[in-house]
Each structure stands twice: as structure tokens, then as C-alpha cells.
Number of protein chains: 2
Amino acid sequence: MAGAVGSRSCKKIRGAQIRELLEAKANVLFDCDGVIWDGEKAIPGAPEVVSLLKQQGKRVFFVTNNCTRPRELYMQKFSRLGFTGVEQEEIFSSAYCSAVYLKEFASLQGRVYVIGGDGVQKELKEAGVPFVEGEVDVPGQTISDCPLESDVKAVLVGYDEKLNFLKLAKACCYLRDAECLFVSTDPDPWHPVRGGRITPGSGSLTAAVETASNRKAIVVGKPSKFMFECIASQFDVDPAQSVMVGDRLETDIVFGSNCGLSTMLTLTGVSTFEEAQAYMERDTPETQSMVPDYVVDSITDILLALKE
Amino acid sequence: MAGAVGSRSCKKIRGAQIRELLEAKANVLFDCDGVIWDGEKAIPGAPEVVSLLKQQGKRVFFVTNNCTRPRELYMQKFSRLGFTGVEQEEIFSSAYCSAVYLKEFASLQGRVYVIGGDGVQKELKEAGVPFVEGEVDVPGQTISDCPLESDVKAVLVGYDEKLNFLKLAKACCYLRDAECLFVSTDPDPWHPVRGGRITPGSGSLTAAVETASNRKAIVVGKPSKFMFECIASQFDVDPAQSVMVGDRLETDIVFGSNCGLSTMLTLTGVSTFEEAQAYMERDTPETQSMVPDYVVDSITDILLALKE
């Protein structure tokens, strides 16, 4: 049975087994990067899988820790990559959910200081969460002599290619005030880019701020349950009727396990079958939540199963 | 007895007690920031204390996690603040010791990729450790399309006010090679600056790289024992004959404890007497090394004791 510690099977399934699993579920949650697409290419079959599941009357959600895009740009990407019929309300990105967290759950009074790119800033704007904007780099300015805003009541840290030392220092200064909330979009430590290279993720920048501020961030993205709560606050989703499909054991699969969903690992992204098996063999309470119930090579396997 | 767990007394001493302690020691190790100076001001009495101890035939060492200056600039600062007779060979900064580590202990073959400022770069140059220099920021360049050097065999991370996202990403890419050494100048999480503001320390930047690379850095600075080994490789220092004077429980005092020195906390810097007492009361193996043997309000107390 999915959900109980020690019972996850890490079972490779295909064909009829995949079909039976999906027949028993009303909701399918997909991670995006490494699951339905890889950069600017859809994983073969992904657009058809999404369409077929919807035709079967299932709800499909996209649950991504990638905070670089506002949902509006996700919509464009879905369309560009050949996905049809995806609705913006089905997209739960860590940027969107962070805005929801600050607005709805934390009822923030004041502004947010943001380490993060356009994705985060646009979602905050859309949600009506005020944040510090338009800061200009003044050459030679240091944390000793730069202005700080008195109405900052939260620091939000996410992936930011424009990160610099002064931004990091400002975030830490705001967090000296114990009343100032400390929120991180997601804990992803790194992301693969081209040619075996990697880029630091939100989790890396969050670790820098956590260390310097001696505080722990509230993490919105997977594996935190908040993203599921966010979906559940807008849709009627029964965890027992839902499956999470992801490529990263430490985020997607733990998220599914934590929220009581069935979990399926696809091998087109970060984690490998061997890593999943190693977690299963270690069999500690810590590693058990990283063991997927099911494993498929690719979302293509789901398409083959649905078409059989 | 200093050195045994559970036995540290956190005892406030003055006058004759200080004099007796110092009479029994041959070597006095001072941290710098918050102990002998505060920014551009000497703590009152510090220059005289250093001179008097030297006149009494004691060896004095300066052991600092501050990696922003090469020892040459430390010499100028000592002189500017009224210290006389300080020798460059008595200064053990985390920048200098990192260069020694790479050169002497790791016998590095290849170049170092540096996150760090002038202090680190000048010490590497002085020690003859080659590193990647003269990188120019190309607007719009990302980790996908920037050049990486094939002969980088170590990443050294220290305090760097010119930190940016691309530097962080490059460090993480180099560390994909398991043969590439990962060294951190020091673990200081943050530093106080003016007006209650703080700046992230080397430990904060190291945490970002550790998280993104999924590796642990070899930390050169206090509380690692390496800085004492570095002194001991150049001078005849018996730990039992030595006292470490510092302002930070988690670095200076733990360093002294780890190396078997007597430890003295001064209250002119980061840590407070209450924090030291709280660590003593918790009385766990973890916190015991943070409890100083002795506490003085300021180095001024040492001057008064020596002059009595």
C-alpha cells in the first residue's frame, strides 16, 4: 500500500500495470522539468498523455519548483511545445505558490524583499503582494552605506541569476528583525544545464541566507506539503485518488509521499533507478519517503499504456 | 583542567588571576576583529598588551578568520593602529593558511578557482599557487555559454564582495569533478558592520556552494585545527603552554578547545557572557567545546593586570 513507511516498492511498471494504476486515480500531478519536457523539447508523448488523461475525465496539475517563469509564460511554453488544453489554473509553480503563501496564508502587512527573477516578481505583482522594486546597483556601494526599506516584512529567496553580494547582505539585514518572515521558493540545490554543467538552485541561495542570518526559511516548494495544500484550497483533490509523477526523488517523490499520494518516478530527469533502489535498500524512515511506488523509463511509457 | 570535556569553567577573571594565567603560558594567540581592534580602532590597551607580552619573552600570534587582507596589509593596519614590533610571520590569517594548505598540504597540481577578494588572491600569489585570474564579466553570459578552464584542480571559497551568480555557478561546475579539491577559508557565517547591519561571511558563501555541489568543504579557518598545525609547522608551540584569546565562542573558543589550548573570551566582539554560560549549562559534548575557560570584559583588563 502506498503511504505507509517501508511499503514502497520502487516497482518498474509498464503497459497494463500503468493503465490500471491510472484508471484508479482521478488526479495526476506532473512535475515539469525532466518529466514532461527537457529544456525546449517536450519529452516524446507528453502532450498526448496530458490530452488523453483529460479526455478520460481526469484532472491534471503541473507542480513545479521552477520559479523562473510566471504562469503566463508557462502557458506560452506549453503551447510552444505542442501541449493543448492546459489551463493556467492547473499550473502550480513555486513562484505562484510563494505569492499565495505570502498573500493568503501569512497575510503579509508590508513589502517583500526579493532575491529572485521575473517569475517570482510577476507572480507577486499578479497576487497584489507589494515588494521592493527598481533597486539600482550603485558601483562601490556596500551594505554599510546602502539604503534599507523600513516596511520590509518578508524576505523571499528563489533562483536569481542576478544575485550579487549586496542582495545577499540586504536579505540578511532584513532578517535581523525576528518579525520579518523568511520564505524560500523551493529547496532545489542545483539544476542540470547543457553539457554536464549545473547551475545553483534556490536551495543553494537559501542556504547562504540561512547561514548568514542564523534562521531557517519556510520552504514553499516540493517536498513541502504546502504546494498540495495550495492545490487542495482551489480544487477538490483526494490524496488517495492522486498520483505524483516526477524525476527527482528528494523533492517530487518525497512530496508525493508526504502528501499521501501514489508516486511515480520517470527516468528522463535527475534521479536514477539505482538511486531509488539504494534508498529502498537503506530502508530507514528518512529514506523511505524517497522511494517511489512505481518507476517508468519515461512519460512515453504512459502514452504506450494508454494507447494499448 | 582545561582540555577535558565538562571541566570548562567560564570563569570571569581579573587582576592577579589574569597575571598568573599568563605567567604560566609561553604563547598567546589573539583573534583580531573584536579582540584587538574594532574596525579602524584598536581596543584600548591592545597595542600595549602585545608589546608587554613580547617584552616578557612570550610569543604572540594573530590568528584570524578574516580573509579580506593579505598579511602585508595586516602589517600596515597594525602599524596604523599603534601596534609596534609585530612581525608578518606572526600573522596567521585564513587567507594565508588557505594558501599554505593548497601549497604544502594538498600539493596542488593545477590552478585554483577562487571566490574571494584581494586578501585571498595576494596570499595565493605570494605562495606561488596558480589561480584563475582576470575573468571579465560579459553581460548576458550564463553558465551554459561561459568558458571553463580545464586545469582547475581546486575551488577556494572565501568572503567575496564581488560574488555574483556566475561565479557561484562556475565553482559548482568545477566541483562536479570529484578530484577537484573544495576548500573554504573559514566558516564565519556573518560579520557585524555599522549600525546593527551584518554582512554574509565566508561560511554563508561556502554553504551555497556546498548545497549546489552536494559536497562538503575542507575548512581551513577556526575552529578547524589546521591553523594551529600551520603555526606548529613553523614555530615550536606546546598547546599546554598556549592560550587562545577570542570573541566568538563558535570559532575562537572551539578552536582553542579542539587544539588543547586554554581559552579566554573577551566581550568586545560578537559573543556574550550569557551565551557562554548558556553553553556551559547545556553541558553536552557539543556545547562544551564552546565554553571558554576564562572570560574578561576586554583586552584592557589584561593590560591592567600586567601593569598592576
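Residues numbered from 1 in each chain as written. Chains lettered and ligands numbered in written order. Predicted model: local features only at pLDDT ≥ 70, side-chain atom pairs only at ≥ 80, totals over all residues. Heavy atoms only, no water.

### With respect to the UniProt feature "binding site: substrate" (unreviewed entry) in chain A
Residues and elements named next belong to chain A.
Okay, step 1: Look at the UniProt record and you will see "binding site: substrate" (unreviewed entry) annotated at His 191 and Lys 222.
Okay, step 2: Relative to the helices and strands, His 191 is located in strand E10 (residues 190–192).
Okay, step 3: His 191 sits in the partly exposed class, given a relative accessible area of 21%.
Okay, step 4: In this view, His 191 contacts Arg 197, Ile 198, Thr 199, Pro 200, Gly 201 and Arg 248; residues no more than four positions away in its chain are not counted.
Okay, step 5: Mapped onto the elements of the fold, Lys 222 is located in the loop between strand E12 (218–219) and helix H8 (226–232).
Okay, step 6: In this structure Lys 222 comes out as buried when scored by relative accessible area, which is 1%. (UniProt positions renumbered as here; feature names shortened; annotations may be inferred. Helix = DSSP H or I, 4+ residues; strand = E, 2+ residues; numbered from the N terminus. Buried < 20%, exposed > 50% of the residue type's maximum accessible area, 1.4 Å probe, protein only. Contact = heavy atoms within 4.5 Å.)

### A closer look at the domain arrangement of chain A
It is common to give the size of an interface as the accessible area lost on bringing the parts into contact.
Okay, step 1: Each domain of chain A was delimited in the assignment, giving domain 1 (18–63 + 247–307) and domain 2 (96–134 + 143–219).
Okay, step 2: Taking only C-alpha atoms, the centre of domain 1 of chain A and the centre of domain 2 of chain A are 29 Å apart. (Domains from an automatic or database assignment.)

### What about the relation of the copies chain B and chain A?
Okay, step 1: Superposing chain B onto chain A takes a rotation of 180 degrees plus a shift of 0.0 Å along the axis, which leaves an RMSD of 0.0 Å. What the superposition gives is, in effect, a two-fold axis relating one chain to the other.
Okay, step 2: Both copies contact each other with a shared surface, as 100% of the interface residues of chain B are interface residues in chain A too. (Least-squares fit on C-alpha atoms with pLDDT ≥ 70 in both.)

### Considering the sheet that holds E12(A)
All names here are of chain A.
Okay, step 1: Taken in spatial order, the 4 strands line up as E7-E8-E9-E12 in an open sheet, and their pairing is parallel. The outermost strands of the open sheet, each flanked by one partner alone, are strand E7 (111–115) and E12.
Okay, step 2: Where E7 and strand E8 (residues 152–157) come together, 5 bridges link them in parallel fashion. Counterpart to Ile 115 in the pairing with E8 is Val 157. (Pairing = 2+ DSSP bridges.)

### A word on the pattern of salt bridges
Okay, step 1: If you walk through the whole model with that rule in mind, you get 33 salt bridges over all chains.
Okay, step 2: Between A:Glu133 and A:Lys125 there is a salt bridge, with the nearest N and O atoms lying 2.8 Å from each other.
Okay, step 3: In this structure A:Glu133 comes out as partly exposed when scored by relative accessible area, which is 44%.
Okay, step 4: By relative accessible area, which is 52% here, A:Lys125 ends up exposed.
Okay, step 5: B:Asp160 is the salt-bridge partner of B:Lys167, the closest N and O atoms lying 2.7 Å from each other. The pair B:Lys167 / B:Asp160 is uniform in exposure class, with both members buried.
Okay, step 6: Each of A:Lys54, A:Arg59, A:Glu89 and A:Glu90 takes part in one network of salt bridges that share partners. (Salt bridge = Lys/Arg side-chain N within 4 Å of Asp/Glu carboxyl O.)

### Let's talk about the packing of helix H1 (residues 16–23) of chain B against helix H12 (residues 299–307) of chain B
Residue and element names in this part refer to chain B.
Okay, step 1: One way to put it is that H1 packs onto H12 with a least axis distance of 8 Å and a crossing angle of 85 degrees. As summarised for this structure, H1 and H12 are arranged roughly perpendicular, according to the angle between their axes. When H1 is examined against H12, the residues Ile 18, Arg 19 and Leu 22 are found in contact with a partner set consisting of Asp 301, Ile 302, Ala 305 and Leu 306.
Okay, step 2: Grouping the constituent residues of the contact of H1 with H12 by class yields 5 nonpolar, no polar and 2 charged. (Axes fitted to C-alpha atoms, helices over the stretch in contact; angles between N-to-C directions. Parallel < 35°, antiparallel > 145°, perpendicular 65-115°, else oblique. Nonpolar A, V, L, I, M, F, W, Y, C, P; charged D, E, K, R; others polar.)

### Considering the interface of chain B and chain A
Okay, step 1: With 35 residues of chain B in contact, the opposing surface of chain A contributes 35 residues.
Okay, step 2: Carbon and sulfur atoms make up 64% of the area that chain B and chain A hide from each other, which totals about 2900 Å².
Okay, step 3: When the buried surface of chain B facing chain A is broken down by residue, B:Phe165, B:Arg197 and B:Ile198 rank first, second and third, together holding 26% of it.
Okay, step 4: Summed over the shared surface of chain B and chain A, the result is 0 salt bridges. (Buried area = accessible area lost by both parts, 1.4 Å probe.)

### Let's talk about the UniProt feature "binding site: Mg(2+)" (unreviewed entry) in chain A
Residues and elements named next belong to chain A.
Okay, step 1: Taking the numbering used here, the UniProt-annotated feature "binding site: Mg(2+)" (unreviewed entry) corresponds to Asp 31, Asp 33 and Asp 247. For the annotated residues, spread through 217 residues, the largest C-alpha to C-alpha distance comes to 8.1 Å, consistent with a single compact locus.
Okay, step 2: Filtering out sequence-adjacent residues up to four positions away, Asp 33 remains in contact with Thr 64, Asn 66 and Asp 247.
Okay, step 3: Tracing the sequence through the fold places Asp 247 in the loop between strand E13 (242–246) and helix H9 (249–259).
Okay, step 4: Beyond its immediate stretch of four places on either side in the chain, Asp 247 contacts Asp 31, Asp 33, Gly 34, Val 35, Asp 252, Leu 265, Thr 266, Gly 269, Val 270 and Ser 271.
Okay, step 5: At a separation of 2.8 Å, a polar atom in the side chain of Asp 247 contacts the main-chain amide nitrogen of Val 270. (Polar contact = N/O pair within 3.5 Å; in protein donor to acceptor, adjacent residues only side chain to side chain.)

### Concerning the packing of helix H7 (residues 202–213) of chain A against helix H7 (residues 202–213) of chain B
Okay, step 1: Two elements in contact, H7(A) and H7(B), have axes whose closest approach is 7 Å; the angle formed by their N-to-C orientations is 150 degrees. By the angle between their directions, the pair H7(A) and H7(B) is classed as roughly antiparallel. H7(B) is crossed by H7(A), and the crossing has right-handed handedness. Note on element contacts: H7(B) touches H7(A) through B:Gly203, B:Ser204, B:Ala207, B:Ala208, B:Val209, B:Thr211 and B:Ala212, opposite A:Gly203, A:Ser204, A:Ala207, A:Ala208, A:Val209, A:Thr211 and A:Ala212.
Okay, step 2: Among the residues forming the contact of H7(A) with H7(B), the class breakdown is 8 nonpolar, 6 polar and no charged. (Left-handed = near helix turned anticlockwise from the far one by under 90°.)

### Describing unusual backbone geometry
Leaving glycine out, the prevailing phi sign among residues is negative, and the prevailing peptide bond configuration is trans.
All names here are of chain A.
Okay, step 1: The omega torsion across Lys 222 and Pro 223 is 10 degrees, close enough to zero to call that bond cis.
Okay, step 2: Within the element layout of this structure, Pro 223 appears in the loop between E12 and H8.
Okay, step 3: Positive phi is not limited to glycine here, since Ser 107 has a value of about 45 degrees.
Okay, step 4: Relative to the helices and strands, Ser 107 resides in the loop between helix H4 (94–105) and E7.

### Side note on the confidence of the model for chain A
Residues and elements named next belong to chain A.
Okay, step 1: For chain A, the mean per-residue pLDDT works out to 95, and 98% of the residues sit at or above 70.
Okay, step 2: Counted against residues more than four places away or in other chains, residues 1–5, with its pLDDT under 50, gives 7 contacts.
Okay, step 3: Two numbers describe this predicted complex: its pTM, 0.93, and its ipTM, 0.92. (pLDDT = per-residue confidence, 0-100.)

### Observations concerning the packing of aromatic side chains
Okay, step 1: Taken as a whole, this structure holds 30 aromatic pairs over all chains when the rule is applied.
Okay, step 2: Plain terms: the ring middles of A:Phe105 and A:Phe226 are 4.7 Å apart, the flat faces sit at 85 degrees to each other, and that makes the pair edge-to-face. In this pair, A:Phe105 is assigned in helix H4 and A:Phe226 in helix H8, connecting sequence segments 121 residues apart.
Okay, step 3: Classification of A:Phe105 by relative accessible area gives partly exposed; the value is 42%.
Okay, step 4: Assessed through its relative accessible area of 7%, A:Phe226 is described here as buried.
Okay, step 5: Taken together, the ring pairs in this structure connect A:Phe30, A:Trp37, A:Phe62, A:Tyr74, A:Phe78 and A:Phe83 into an aromatic cluster.
Okay, step 6: The ring of B:Phe273 carries B:Lys12 above its face, with NZ or CZ at 5.1 Å from the centroid.
Okay, step 7: Between the NZ or CZ atom of B:Arg248 and the centre of the ring of B:Trp190, over which it lies, the distance is 5.1 Å. (Phe/Tyr/Trp six-rings, centres within 6.5 Å; stacked < 30°, edge-to-face > 60°. Lys NZ or Arg CZ within 6 Å of the ring centre and 35° of its normal.)

### Some words on the nonpolar core
Okay, step 1: By size, the foremost hydrophobic cluster in this structure holds 124 residues, and its most contacted members are A:Leu102 and B:Leu102.
Okay, step 2: Those residues within four positions of B:Leu102 in sequence are excluded, and the remaining contacts are B:Ser107, B:Leu108, B:Val112, B:Leu124, B:Val129, B:Ala154, B:Leu156, B:Leu181 and B:Val183. (Core = buried A, V, L, I, M, F, W, Y, C linked by side-chain atoms within 4.5 Å.)

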